[in-house]
Amino acid sequence: TSPCKLARRGQDLKFILPLLKDSNAFSRQDPALIQAVAKAHLWWEWIKGGDVESLSEIAKREGIDKAQVTRWLRLAFLSPTLVRQIRAGAHPASLTIETLTRQVDLPAIWQEQDVLVAATD
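Bear in mind the structure is a predicted one, so any value in this text is a computation, not a measurement.

How each quantity is defined
Residues numbered from 1 in each chain as written. Predicted model: local features only at pLDDT ≥ 70, side-chain atom pairs only at ≥ 80, totals over all residues. Heavy atoms only, no water. Phe/Tyr/Trp six-rings, centres within 6.5 Å; stacked < 30°, edge-to-face > 60°. Helix = DSSP H or I, 4+ residues; strand = E, 2+ residues; numbered from the N terminus. Buried < 20%, exposed > 50% of the residue type's maximum accessible area, 1.4 Å probe, protein only. Core = buried A, V, L, I, M, F, W, Y, C linked by side-chain atoms within 4.5 Å. Contact = heavy atoms within 4.5 Å. Axes fitted to C-alpha atoms, helices over the stretch in contact; angles between N-to-C directions. Parallel < 35°, antiparallel > 145°, perpendicular 65-115°, else oblique. Left-handed = near helix turned anticlockwise from the far one by under 90°. Nonpolar A, V, L, I, M, F, W, Y, C, P; charged D, E, K, R; others polar. Lys, Arg positive; Asp, Glu negative; His and termini not counted. Salt bridge = Lys/Arg side-chain N within 4 Å of Asp/Glu carboxyl O.

A. Structural view of the packing of aromatic side chains. Under the counting rule described, the total for this entry stands at two aromatic pairs. Between Trp 43 and Trp 72, the ring centres sit 6.2 Å apart and the planes meet at 20 degrees, which makes this aromatic pair stacked. Highlighted residues: Trp 43 in helix α1 (residues 31-49) and Trp 72 in helix α3 (residues 66-73), separated in sequence by 29 residues. Comparing Trp 43 with Trp 72 shows no difference in burial state: the two are buried. With a centroid separation of 5.0 Å and an interplanar angle of 70 degrees, the aromatic rings of Trp 44 and Phe 77 are classed as edge-to-face. Highlighted residues: Trp 44 in helix α1 and Phe 77 in the loop between α3 and α4 (80-88), separated in sequence by 33 residues.

Dropping the structure here:
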């Protein structure tokens, strides 16, 4: 047996296990959000490197629709501070893939992103 918590991430309910170092500390990492940010960076590298010619080609490779590629690609331009927070699980619980790709109009300026995210906490 192990202690655990249930936590909401947007509309999802997550099962959270304790961190190994401190059994009273719980990880708030959102693996789906981390993966989405990583995918966005990968896709951006494909575009910059000329490995793909269009967003439609990325969608075909990934087996998803072009609209999702368009939404997720925005995650490649998150501020480094925000990316570190997401990776560490230190971002606001209200910050989800849905929030970042559909509900919030992310500014291009990193400082403005950080202020916007701080306001959602």
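Having put the structure on the table, let's press on.
B. Local environment of the environment of Ile 34. Mapping Ile 34 onto the fold places it in helix α1. Along the backbone, Ile 34 and Ile 86 are 52 residues apart, and their C-alpha atoms lie at a distance of 6.6 Å.

C. A look at the nonpolar core. The biggest cluster of nonpolar side chains holds 23 residues, and the ones touching the most others in it are Trp 43, Leu 75, Leu 78, Ile 86 and Leu 100. Elements with a minimum of two residues in this core: α1, α2 (55-62), α3, α4 and α5 (97-103). Ranked by residue count, the leading element in this core is α1, at six residues. Leu 100 has contacts with Leu 33, Leu 75, Leu 78, Ile 86, Leu 95 and Leu 106, leaving out every residue within four places of it along the chain.

D. Region of the structure containing the packing of α1 against α4. Their axes nearest at 9 Å, the elements α1 and α4 cross at an angle of 140 degrees. If you check the angle between α1 and α4, you find them oblique. As for the relative orientation of α1 and α4, their crossing is left-handed in sense. For the pair formed by α1 and α4, the contact residues are Leu 33, Ile 34 and Val 37 on the first element and Val 83, Ile 86 and Arg 87 on the second. When the residues that make up the contact of α1 with α4 are grouped by side-chain class, the tally is five nonpolar, no polar and one charged.

E. Highlighting the side chain of Arg 71. Mapping Arg 71 onto the fold places it in helix α3. One buried charge, Arg 71, has no salt-bridge partner; the nearest side chain with opposite charge is Asp 65, at 4.7 Å. The residues contacting Arg 71, other than those within four sequence positions of it, are Thr 101 and Arg 102.

F. Structural detail: the packing of α1 against α3. The interhelical angle for the contact between α1 and α3, taken along N-to-C directions, is 100 degrees, at an axis separation of 9 Å. Overall, the two elements α1 and α3 adopt an arrangement that is roughly perpendicular. Here Ala 36, Lys 39, Ala 40, Trp 43, Trp 44 and Ile 47 of α1 lie close against α3, whose contacting residues are Val 69, Trp 72 and Leu 73. Looking at side-chain class alone, the contact of α1 with α3 contains eight nonpolar, no polar and one charged residues.

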